[in-house]
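Observations on the model geometry
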Amino acid sequence: MLPVREGRYWLKRIRKGAGHVSLKKSRFYDYAYYSMKIISGISVSPGVVIGKALLFLEDQPEIPRYSITRDTVEQELKRFVEAAQGAAAELRLLKESAQGISREQEGIFGAHLLMVEDPDFHYQIKARLESKYENIEWIVWEVSRELSQKLVMSPNAYLRERAADVSDVSRRIIGRLLGIKRFSLAELSEDVILVVHSLLPSDILTMNKTRVKALAMDTGSRTSHAAILVRSFGIPAVLGLSAATREISAGDILVVDGEEGTVIIDPDSETKKNYEGAVERNKKTAGKFNSLKKLPAETLDGRRVAINANLDMPEEAGGASLYGAEGVGLFRSEFLFMTPGQSAEENQFRSYSTVVKAMGKKPVTIRTVDIGGDKIVPGFHGSDEANPLLGWRAIRLSLSLPEMFKTQLRAILRASLEGKVKIMFPLISGIEELEDALRFLEEAKAECRKSGQDFSDHIEVGTMIEIPAAVMTADILAEKSDFFSIGTNDLIQYSLAVDRGNEKVNYLAQPVHPAVLRFLKRTIDAAHNRGIPAAMCGEMAGDPLLTPLLLGLGLDEFSMAAPAIPRVKHIIRGVRFSDCQKLAEEALACTACKQANELLRGWAKDHLKER
Ligand code: PEP
Ligand code: MG
């Protein structure tokens, strides 16, 4: 049980409309908070913080709008070019000052710089100015707003998030045109919990990070720049709160619970005391976790496993090392296929190289693209599939688009010279698919050789085990694989026939279902019989309650969201492998999920109590 969750019992559940408690206006009418409100969002960065709210409301400057004459067009354009140049110089400075410190910062400032100097952006501004004859501030605002609205409307989450970058850049240029100097979060002189509607990436990069103790934001998701950055800075954060800036007033005392994804406003004294206890315990644990960073993930009786990070975007690589990842067990490459033009070989090569270089000598496992299914990408998929989860996705899509597949493979091969690269194929259902994928890999290698592009001779190639058919033929697949990586998110979905995105049936997606446990055992045994390692990169690998069980089943490598690493490593270092093996045997003998869950909880209580 996580310490922060102990606070939950203060949230007393009452029936809607109960008369004796006066409820404050809240989205959560079925909870009574005698004097406090609770709002709920998405937990994107763990940790619990109690502190004072600072409302940082984007004081959108009044943008003047007036007509200009034909004669002044040149003059307005000159003002724009100067403002853009000034903004570019500012961004260059910020990028340089970030160099070597953080790749995220470098990357974001680099992207903003590209936009400020983008000829197409300049062309659009000029064309609009010459057709509308309005002042340049207004033109910049209008063009940027249209651009960001287009992005916001995109069905693609990654593109939606890029709208913040457009606003950031246009704000920088308009600020220069209007001669506005904004209050900067770099100037904070006291500890605060930052409450915002949205936060531009450059605000996060330049803010005084020792003073911002937590972040509560109306907007944002797990893949937003804001989420990635606060995670990499280790600032606890809850995003997607919708009403934080409406419900919270400046100076309010808040509890930001980055584990539960909640913010408590004006906690009563008992709740506060309870959370203070949690903060103290977390501090102690954080100290302990920090000291674990360089230590191996090894049990008390000497069983050593690898503990790696899952990455969705290259910007996350810096954070992975901060949490003590020994490598990248899953680098999802889908982001490259979501933005038009990004999947060109050079661009893919740059992205893979960024991560491989950032990880130094540590291994980076790049998964070939897994679009389709729940990761629909416009341009690839229409609405013509009745069952996308059983349809044209992952390796099936790659095999049917050889040029696209080989472009990706060549980019990965070339990046292999920068460090230690592994490749893995998603959603393999049988040996023919694996053999076809390996054949394309050989063709990609031949093409690289032909064009004089070098690559490493030591690239391991793995198979993702995500389909029951792959489990049942794991002995056959192992013959042609250097490693297995179990994708439990899909394996559970396909084993139990539970759509992983459907909330109505999600309760059935039980990692400890007897079928799932037997599949895991069968896969790990098949790998070991053939002398190859068994890794896991599904969410199960990062769940601390399941760590002893997975150890006991013989898992060799755990790959998870980077912030989950310290806790899992802490557990690994505190248990005996022999005890875990017994636990795994008992879990495998359970006939129902409830029984297995109780077994694991009881075991954790008995074996992990002092931690
Ligand atoms: C999985 O299925 O467990 C996995 C890691 O892949 P994804 O979540 O990207 O489908
Ligand atoms: Mg998967």
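Structure first, text after, so check above.
Residues numbered from 1 in each chain as written. Chains lettered and ligands numbered in written order. Predicted model: local features only at pLDDT ≥ 70, side-chain atom pairs only at ≥ 80, totals over all residues. Heavy atoms only, no water.

Attention shifts here to the overall build of the protein chain. The number of helices and strands found in the protein chain is 23 helices and 19 strands. For the protein chain, the share of sequence-separated contacts (at least 6 apart) that also reach a separation of at least 24 residues comes to 67%. Counting only carbon and sulfur atoms, one obtains 52% of the accessible surface of the protein chain, whose full area is about 27,200 Å². (Helix = DSSP H or I, 4+ residues; strand = E, 2+ residues; numbered from the N terminus. Contact = heavy atoms within 4.5 Å. Areas by Shrake-Rupley, 256 points an atom, 1.4 Å probe, with all protein chains shown as cover.)

A few words now on the pattern of salt bridges. Here the structure, examined in full by the defined rule, presents 38 salt bridges. Linking E443 and K406 is a salt bridge whose minimum nitrogen-to-oxygen distance equals 2.9 Å. Taken together, the positions of E443 in helix α15 (residues 431-450) and K406 in helix α14 (residues 402-415) put the pair 37 residues apart, joining distant regions of the chain. By relative accessible area, E443 is classed as partly exposed at 35%. Linked by salt bridges that have partners in common, E345, E346, E403, K406, R410, R414, E443 and E447 make up one network. (Salt bridge = Lys/Arg side-chain N within 4 Å of Asp/Glu carboxyl O. Buried < 20%, exposed > 50% of the residue type's maximum accessible area, 1.4 Å probe, protein only.)

Let's shift gears to the coordination of the magnesium ion (ligand 2). Around a metal, the perfect tetrahedron of four donors has angles of 109.5 degrees, and the perfect octahedron of six donors has angles of 90 or 180 degrees. Distances from the magnesium ion (ligand 2) to its protein donors, E466 (OE) and D490 (OD), fall within 2.0 Å. You can see E466 sitting in the loop between β16 (460-465) and α16 (468-472) and its partner D490 sitting in helix α18 (residues 488-496), a full 24 residues away along the chain. In this pair, the class of E466 matches that of D490, namely buried. (Donors = N, O, S within 2.8 Å, 3.2 Å for Na, K, Ca; no water.)

Close contacts around ligand 1 come from 15 residues, with R332, K375, E466, N489 and R500 the closest. Here an oxygen atom of ligand 1 sits 3.4 Å away from a polar atom, N or O, in the main chain of G487. Contact distances for ligand 1 include 2.7 Å between an oxygen atom and a backbone N or O atom of N489. Within the complex, the protein chains bury 99% of what would otherwise be the 290 Å² of accessible surface of ligand 1. (Near = heavy atom within 4 Å. Polar contact = N/O pair within 3.5 Å; in protein donor to acceptor, adjacent residues only side chain to side chain.)

What follows is about the packing of α18 against helix α19 (residues 514-530). At a closest axis distance of 10 Å, the pairing of α18 and α19 adopts a crossing angle of 125°. By the angle between their directions, the pair α18 and α19 is classed as oblique. With respect to the hand of their crossing, α18 and α19 are arranged in right-handed fashion. Between α18, through T488, L491, I492, S495 and L496, and α19, the contact on the second element is made entirely by V516, F519 and L520. Tallied by class, the residues present in the contact of α18 with α19 amount to six nonpolar, two polar and no charged. (Axes fitted to C-alpha atoms, helices over the stretch in contact; angles between N-to-C directions. Parallel < 35°, antiparallel > 145°, perpendicular 65-115°, else oblique. Left-handed = near helix turned anticlockwise from the far one by under 90°. Nonpolar A, V, L, I, M, F, W, Y, C, P; charged D, E, K, R; others polar.)

The next thing to look at is the packing of aromatic side chains. Going through the model one piece at a time under the given rule, you end up with six aromatic pairs. A centroid spacing of 6.3 Å and a plane angle of 70° characterise the contact between F80 and F121, whose relative ring orientation is edge-to-face. Pair noted here: F80 is in helix α1 (residues 73-98) and F121 is in helix α3 (residues 119-132), with a separation of 41 residues, a long-range link. With respect to burial, F80 and F121 carry one shared label: buried. Relative to F335, the ring of F331 lies with its centre 6.0 Å away and its plane at 25°, an arrangement referred to as stacked. Each member of the pair, F331 together with F335, is buried. An aromatic cluster is defined as three or more aromatic residues linked by ring pairs; in this entry it consists of F331, F335 and Y352. (Phe/Tyr/Trp six-rings, centres within 6.5 Å; stacked < 30°, edge-to-face > 60°.)

So, about the pairing of strand β6 (residues 192-196). A large share of β6 lies buried, amounting to five of its five residues. Residues V192, L194 and V196 point to one face of β6 and I193 and V195 to the other, with burial holding for every one of them. One ladder, built from three bridges, connects strand β5 (residues 48-55) with β6; its direction is parallel. The residue of β6 that forms the bridge with L54 is L194. In the sheet, β6 pairs with strand β7 (residues 212-217) via five bridges, with the strands oriented parallel. Across the sheet, residue I193 finds its bridge partner in β7, namely A214. (Pairing = 2+ DSSP bridges.)

Right, let's talk about the pairing of strand β13 (residues 328-331) for a bit. Note that strand β12 (residues 304-311) and β13 share three bridges and pair parallel. Across the sheet, N310 pairs through a bridge with L330, a residue of β13. Since β12 and β13 lie parallel, the crossover through helix α11 (residues 317-322) that links them has a hand, and here it is right-handed. The pairing of β13 with strand β14 (residues 363-367) spans two bridges and is classified as parallel. For V328, the partnering residue across the bridge sits in β14 and is V364. (Right-handed = clockwise from strand over helix to strand, strands pointing away.)

Right, let's talk about the environment of S400 for a bit. When you line up the elements, S400 lands in helix α13 (residues 394-400). For S400, a relative accessible area of 41% puts it in the partly exposed group.

In short, geometric facts, not functional conclusions.
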